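Commentary on secondary and tertiary structure
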Amino acid sequence: LAILCCAALLPVTVSKREQPHTPAAPRLRPALAWARSPLAAVGVVVAGVTGAAFRMVGPLYGLHVGLSADRIALFLAAYVVGGAIAQVPLGWLADKFDRRHVLMGLSIAAILSCGLTIELAGLGPAGIFLGAALFGATTMPIYSVATAHAHDFADDSERVELSAALMFLYAIGAIASPLIASSLIGAFGPAAMFAFIAAAHLALLVFG
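Residues numbered from 1 in each chain as written. Predicted model: local features only at pLDDT ≥ 70, side-chain atom pairs only at ≥ 80, totals over all residues. Heavy atoms only, no water.

1. Quick word on helix H5 (residues 72-96)
Selection rule: Each helix corresponds to a stretch of at least 4 residues labelled H or I by DSSP, and each strand to a stretch of at least 2 residues labelled E; elements are numbered beginning at the N terminus. Expected helix span is given by 1.5 Å per residue-to-residue step, counting one fewer step than there are residues. In this scheme, the bend at a residue equals the angle between the axes fitted to the seven residues that finish there and the seven that begin there. Any residue under 20% of the maximum accessible area for its type is buried, any over 50% is exposed, and the rest in between are partly exposed; the area is computed with a 1.4 Å probe on protein chains only. The contact rule is simple, with two residues in contact once any of their heavy atoms fall within 4.5 Å.
Taking 1.5 Å of rise per residue, 25 residues should cover 36 Å, and H5 covers 37 Å from first to last C-alpha, within 8% of that figure. Of all the bends found along H5, the most pronounced is centred on Gln87 and spans about 35°, while Pro89, a proline, follows it within four residues. Of the residues making up H5, those classed as buried are Ile72, Phe75, Ala78, Tyr79, Gly82, Gly83, Ala86, Leu90 and Ala94. Elements that come into contact with the buried residues of H5 comprise helix H4 (38-64), helix H6 (99-120), helix H7 (125-139) and helix H8 (141-151).

Laid out in structure tokens, this is it:
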């Protein structure tokens, strides 16, 4: 992991592009994200709700729908692989079309994938893994598209503070969602987690 993290720095070191201007004393200003793009601010909160709920409570969901403990890692890996594959085509779409429309399309796809994930759970491990991959493909790119949309309205002097503000808002969603998701699973069963996530994406769609 350490070698991979170091390797991730190589493209930055060989790039000829100038680094963004860094303020003399960067501050944490969450309101900056809202000022630049309210949609992006809401989008990263929903991304935090989605990602944290699945990563933290997803193993509990997997056990509830019949996965053995040794398959939980594969379940989470399917989510990550689905999200990684989707980054490139969705990044291309976000560069070619209005990012607001791409975000709203992702919200619709995320709601549909929540329903599909619930339905596919009845098909056994293969269906559960496929559902996780579809869920990752429709939800993981939302943070990237939302942050890109916010930076469309920022100047170079704001890049660092805006990135920090967006990450702070993401963390707010990520802190709250695992507790809510686990409580819903305990009260209503495993499908309740995806109903909760779908509701968050419906809110993002309506806001968009």
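2. Observations concerning the environment of Asp70
How we decide: Pairing of N or O atoms within 3.5 Å defines a polar contact, subject to two protein rules: one partner must be a possible hydrogen donor and the other a possible acceptor, and residues neighboring in sequence count only if both atoms are side-chain atoms.
If you trace the backbone, Asp70 turns up in the loop between H4 and H5. On the basis of relative accessible area, Asp70 is assigned to the exposed category, the value being 63%. Remark: the alpha-carbon pair of Asp70 and His201, spanning 131 residues in sequence, is separated by 31 Å. Within polar-contact distance, the side chain of Asp70 engages the side chain of Ser68 at 2.4 Å.

3. Points about helix H9 (residues 159-188)
In this model, H9 (30 residues) spans 42 Å end to end at C-alpha, consistent with the 44 Å of a helix rising 1.5 Å per residue. In H9, a bend of some 30° at Ser177 exceeds every other bend along the element, and Pro178, a proline, comes one to four places later. Considered for burial, the residues of H9 that qualify are Glu161, Leu162, Ala165, Leu166, Leu169, Tyr170, Gly173, Ala174, Ser177, Pro178, Ala181 and Ile185. Packing partners of the buried residues in H9 comprise helix H3 (30-36), H4, H8 and helix H10 (191-207). Once H9 ends, the next one or two residues include Gly189, with phi positive near 105°.

4. With respect to the packing of H9 against H10
Two packed helices can be described by the angle between their axes and the distance between those axes. For clarity, the threshold we go by: Helix axes are fitted only over the stretch in contact, all axes being lines through C-alpha atoms; the angle between N-to-C directions runs from 0 to 180 degrees. Angles below 35 degrees are treated as roughly parallel, those above 145 as roughly antiparallel, those between 65 and 115 as roughly perpendicular, and all remaining angles as oblique. A clockwise turn of the near helix away from the far one marks a right-handed crossing, whereas an anticlockwise turn of less than a right angle marks a left-handed crossing. Under the grouping applied here, Gly and all other residues not named as nonpolar or charged are polar, the nonpolar ones being Ala, Val, Leu, Ile, Met, Phe, Trp, Tyr, Cys and Pro and the charged ones Asp, Glu, Lys and Arg.
Here H9 crosses H10 at 135°, and the two axes come no closer than 7 Å. Compared by their axis directions, H9 and H10 come out oblique. For the pair H9 and H10, the sense of crossing is right-handed. Side by side, H9 and H10 meet where Ser177, Ile180, Ala181, Leu184, Ile185 and Phe188 of the first sit next to Ala192, Met193 and Phe196 of the second. For the contact of H9 with H10, a count of residues per class yields 8 nonpolar, 1 polar and no charged.

5. Things to note about the side chain of Ser107
One can find Ser107 in helix H6. What makes Ser107 buried here is its relative accessible area of 0%. Excluding residues that lie within four positions of it along the chain, Ser107 makes contacts with His201, Leu204 and Leu205.

6. Description of the layout of surface pockets
Worth spelling out the cut-off: Definitions used throughout: a 1 Å grid over protein atoms alone; a cavity as a set of points that fits a 1.4 Å probe which cannot get out; a pocket as an open set with protein on both sides within 12 Å along at least five of seven lines; a lining residue as one with an atom within 4 Å of a point. Grid points are joined across faces, edges and corners, and a volume is the space filled by probe spheres set on the points.
The computed volume of the largest pocket comes to approximately 220 Å³. In this structure, the largest pocket is lined by 13 residues; those nearest its centre are Gly51, Arg55, Tyr79, Met140 and Tyr170. Breaking the lining of the largest pocket down by element, the ones donating at least two residues are H4, H5 and H8. Of the residues assigned to the lining of the largest pocket, the class counts are 7 nonpolar, 5 polar and 1 charged.

7. Here we look at the pattern of salt bridges
Cut-off, in case you're wondering: Basic side-chain nitrogens of Lys or Arg form a salt bridge, by our definition, when they fall within 4 Å of a carboxyl oxygen of Asp or Glu.
Enumeration according to the criterion identifies 6 salt bridges in this entry. When the shortest N-O distance is used, the salt bridge between Arg29 and Glu161 registers 2.7 Å. Separated by 132 residues along the polypeptide, Arg29 in the loop between helix H2 (10-14) and H3 and Glu161 in helix H9 bring together distant segments of the chain. Look at Arg29 and you get partly exposed, because its relative accessible area is 29%. Overlapping salt bridges, with partners in common, bring together Asp95, Arg99 and Asp152 in one network.

8. Details of the packing of aromatic side chains
Both the distance between ring centres and the angle between the ring planes are used here to describe each pair of aromatic rings. Heads up, the condition is: Each pair of aromatic rings taken from Phe, Tyr and Trp, with Trp reduced to its six-membered ring, is defined by centres within 6.5 Å and is described as stacked if the planes are under 30 degrees apart, edge-to-face if over 60, and tilted in the remaining cases.
Counting across every chain of the model gives 10 aromatic pairs. Ring centres of Tyr143 and Tyr170 lie 5.2 Å apart, and the angle between their planes is 80°; on these two criteria the pair is classed as edge-to-face. Here Tyr143, found in helix H8, pairs with Tyr170, found in helix H9; they are 27 residues apart in sequence, far enough to count as distant. Ring-pair connections join several aromatic residues into one group, and the members of that group are Phe54, Tyr61, Phe75, Tyr79, Phe135 and Phe194.

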